[in-house]
Amino acid sequence: MPKEKAITAEMLTKRFGDFIAVNAISFEVDKGEIFGFLGANGAGKTTAMRMFCGLSLPSSGKATVAGLDIYKDNEAIKQRIGYMSQKFSLYEDLTVKENIRFYGGIYGKSDTYIKKETEILLHQLELEAQANTLVGALPLGWKQKLAFSVAIFHQPDIVFLDEPTGGVDPVTRREFWNMIYEAAAKGITVFVTTHYLDEAEYCDRVSIMVDGVIAALDTPAALKKQYHASGMDEVFQQLARGAKRQDN
Amino acid sequence: MNNSVIVQGVSKQYGSKKQPVVALSDISLDIATGELFGLIGPDGAGKTSLFRILTTLLLADKGSATVAGYDVVKEYKAVRKIVGYMPGKFSLYQDLTVEENLHFFATIFHASVADNYHLIKDIYEQIAPFKDRRAGKLSGGMKQKLALCCALIHEPKVLFLDEPTTGVDAVSRNEFWDMLQLLKKKGITIIVSTPYMDEASRCDRVALIQNGRILQVNTPEAIISGFTQPLYAVKAPGMLSLLKQLHNTPGVLAAYPFGEYHHAVMQPGVSLPFLGKDAEVKAVTPNIEDCFIQLMQHHA
């Protein structure tokens, strides 16, 4: 039986005027997979991610997220996914508990669900004592771990993580990846971008975008073999060095 | 020529007296003329606070500091003339063009672009094709290059770069460090902060900083040779269970994922037991990240 697909893309393209930000990319992500979506600045990662999240309509091509069509069902997609980035995740001037309640409410979860799951979450993160602390007062590492938990609080099919570990200390970075593994083990598909190439090794498969196209896609082991590289950093350097575009 | 930076017992805290947030705790550093010095640590370590104190934009609660021999409090005007500062947040005028920004920064320092062009030539040539574009319309990489040019155009003695490579891809990060090596040859003291541990190897010396405290200051090589326990890289099918196995193995002081492998720090004199026939085990040299993890645990 073929594996269920969390994301499919077929010749997916996004143009802004003459500029082709995403140029006919095709790939599939399996359900429960940890998929690393890498690329140089300006390669088109953010544009592609915005289309998968239902925030931007493609110029052409096809794609599904959680089995839903990204043209027709883009509103329904938003209910089925979670999203977290380094730049924006939680409201700093709401408390830990208020943030959880807010996101739970946005995704239409019942008060009973929110109450029960909040307790479980606070316990898991050992944040019980900080439940009523403003998120702005938490150390960054805690904030990022809380943000991830909030992003999967409504039990989405897929969670999109945009540079979730930027600037985080090396110990917390590893704890964060532990949480990613746990989420994946529960069947949540993880779609993650990062500039830390050691983290590419933690993914089941990795794609590398260069100038709007997917230049390589495989398991980290296969990519290293293909490019005769000792680490993913070398693979990335080989592929991205030829990039013509540069952007943020 | 004295382009040194000396920091003595600097402390800084924010917030109220009842609920203080410690940004810097008794920081001392002695950075030599012409050194390329890295301040390496995660967000919230205190890197920006230290930069703001040294560039006279913030007063320390305790301690003192000099930049190129000038006291950062008593002689703040002199300090401002001789430092270049590239803040972490893009701080150029978005509605001025590339060229206008450059001339503006030269003019406020009573310098001329022509006189100091030699300092920025290699960098500016890369953005010169866009010299009539407004700074706000530049891509991230080009903004970064323009900001560096503007920080250099008055020929500073000491250059402070606050997280210039954050959010920048691995290839562009490499190129940025190559540019810094060229600037160093011109005798400018350069202090760079970064959360990327792998960039330590590009510096002459680094300070590893966490929670407002310096964990260690030394050359990257000396920091690595200070890691005396045996270190192994271990790989096997089923990396999660391998990690648990390592955590339960006697003599393993620490075990954590490290890219494709797990790293296991061993008690000296104890060897790693047999981990199964499919396990690959090799002794490895630690890198700065191993050292940082160890130092964090010592200071916890």
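- Chain B is annotated in an unreviewed UniProt entry as ABC-type multidrug transport system ATPase subunit of Sediminibacterium goheungense.

- Chain A appears in an unreviewed UniProt entry as ABC-2 type transport system ATP-binding protein from Sediminibacterium goheungense.

**With respect to the overall build of chain B**
- Helices and strands together make up the secondary structure of chain B, namely nine helices and 14 strands.
- On the principal axes, the C-alpha backbone points of chain B span a range of 70 × 45 × 40 Å.
- When each of the 300 residues of chain B is scored for burial, the buried share is 52%.
- Taking as baseline every contact in chain B between residues at least 6 positions apart, the subset at least 24 positions apart corresponds to 69%.
- Carbon and sulfur atoms form 52% of the exposed surface of chain B, whose accessible area is close to 13,700 Å².
- The centroid of the 30 positive side-chain charges in chain B is displaced by 6 Å from the centroid of its 29 negative side-chain charges.

**As for the interface of chain A and chain B**
- Counting residues at the interface gives 32 residues for chain A, matched by 29 residues for chain B.
- When the two sides are added together, the surface that chain A and chain B hide from each other amounts to roughly 2,300 Å², 56% of it contributed by carbon and sulfur.
- Where chain A meets chain B, there are three salt bridges.
- Here chain A and chain B share nine residue pairs in polar contact (both at pLDDT 80 or more) between them.
- Elements with a minimum of two residues in the side of chain A that touches chain B: helix H6 (170-185), helix H7 (197-200) and helix H9 (232-240) of chain A.
- Among the elements that line the side of chain A that touches chain B, the one with the most residues is H6 of chain A, at six residues.

**Observations concerning a nonpolar patch on the surface**
Residue and element names in this part refer to chain A.
- Among the surface-exposed residues, Tyr-91, Phe-102 and Ile-106 lie close enough to one another that they form a single nonpolar patch of about 260 Å² accessible area.
- With respect to the helices and strands, Tyr-91 occurs in the loop between strand S6 (81-85) and helix H3 (96-106).
- Overall, the relative accessible area of 33% leaves Tyr-91 in the partly exposed class.

**Let's talk about the domain arrangement of chain B**
Residue and element names in this part refer to chain B.
- Examined at the domain level, chain B breaks down into domain 1 (5-224) and domain 2 (227-299).
- Inter-centroid distance (C-alpha atoms) of domain 1 to domain 2 is 36 Å.
- At the junction of the two partners, domain 1 supplies 14 residues and domain 2 supplies eleven residues.
- On the domain 1 side of the interface with domain 2, the three residues burying the most area are Met-197, Leu-215 and Ile-224, jointly 56% of the side's total.
- Inspection of the domain 1/domain 2 interface yields zero salt bridges.
- Between the two partners, domain 1 and domain 2, sit one residue pair in polar contact (both at pLDDT 80 or more).
- Broken down by secondary-structure element, the contributors of at least two residues to the side of domain 1 that touches domain 2 are strand S9 (205-210), strand S10 (213-218) and helix H7 (220-225).
- A class-by-class count of the residues in the side of domain 1 that touches domain 2 yields ten nonpolar, three polar and one charged.

**With respect to the UniProt feature "domain: ABC transporter" (unreviewed entry) in chain B**
- Listed under "domain: ABC transporter" (unreviewed entry) in the UniProt record, and renumbered for this structure, are residues 5-236 of chain B.
- Measuring from the first to the last C-alpha atom of residues 5-236 of chain B gives 48 Å, for a span that is 32% helix and 29% strand.

**A short note on the environment of Ile-106 of chain A**
Residues and elements named next belong to chain A.
- Structurally, Ile-106 can be placed in helix H3.
- According to the relative accessible area criterion, Ile-106 is partly exposed, its value standing at 47%.
- Counting along the chain gives 136 residues from Ile-106 to Gly-242, while the straight-line C-alpha distance between them is 43 Å.

**Description of the layout of surface pockets**
- Computed from the structure, the second largest pocket encloses a volume of approximately 1,300 Å³.
- Every residue lining the second largest pocket is counted, 43 residues in all, and those nearest its centre are Pro-139 and Leu-140 of chain A together with Asp-43, Gly-44 and Asn-211 of chain B.
- The set of elements that each furnish at least two residues to the lining of the second largest pocket consists of helix H5 (140-151) and H6 of chain A together with strand S2 (20-31), helix H1 (47-54), S10 and helix H9 (288-299) of chain B.
- The biggest single contributor to the lining of the second largest pocket is H5 of chain A, with five residues.
- For the lining of the second largest pocket, the class distribution of residues is 17 nonpolar, 16 polar and ten charged.
- Three or more residues apiece are contributed to the lining of the second largest pocket by two domains, here domain 1 (5-224) and domain 2 (227-299) of chain B.

**Examining H3 of chain A**
Residue and element names in this part refer to chain A.
- Burial in H3 covers these residues: Val-96, Asn-99, Ile-100, Tyr-103 and Gly-104. Angularly, the buried residues of H3 cover 130° about the axis, an arc narrow enough to put them on a single face.
- Buried residues in H3 make contact with helix H4 (111-124) and H5.
- With its phi angle positive at about 75°, Gly-108 sits one or two positions after the end of H3.

What counts and what doesn't
Residues numbered from 1 in each chain as written. Chains lettered and ligands numbered in written order. Predicted model: local features only at pLDDT ≥ 70, side-chain atom pairs only at ≥ 80, totals over all residues. Heavy atoms only, no water. Helix = DSSP H or I, 4+ residues; strand = E, 2+ residues; numbered from the N terminus. Buried < 20%, exposed > 50% of the residue type's maximum accessible area, 1.4 Å probe, protein only. Contact = heavy atoms within 4.5 Å. Areas by Shrake-Rupley, 256 points an atom, 1.4 Å probe, with all protein chains shown as cover. Lys, Arg positive; Asp, Glu negative; His and termini not counted. Charge placed at Lys NZ, Arg CZ, Asp CG, Glu CD. Buried area = accessible area lost by both parts, 1.4 Å probe. Salt bridge = Lys/Arg side-chain N within 4 Å of Asp/Glu carboxyl O. Polar contact = N/O pair within 3.5 Å; in protein donor to acceptor, adjacent residues only side chain to side chain. Patch = residues over 30% accessible without salt bridge, like charges linked within 9 Å, V, L, I, M, F, W, Y side chains within 5 Å. Domains from an automatic or database assignment. Nonpolar A, V, L, I, M, F, W, Y, C, P; charged D, E, K, R; others polar. UniProt positions renumbered as here; feature names shortened; annotations may be inferred. 1 Å grid on protein atoms, 1.4 Å probe; cavity = no way out; pocket = protein on both sides within 12 Å on 5 of 7 lines; lining within 4 Å. Points joined across faces, edges and corners; volume = space filled by probe spheres on them. Arc of directions from axis to C-beta.

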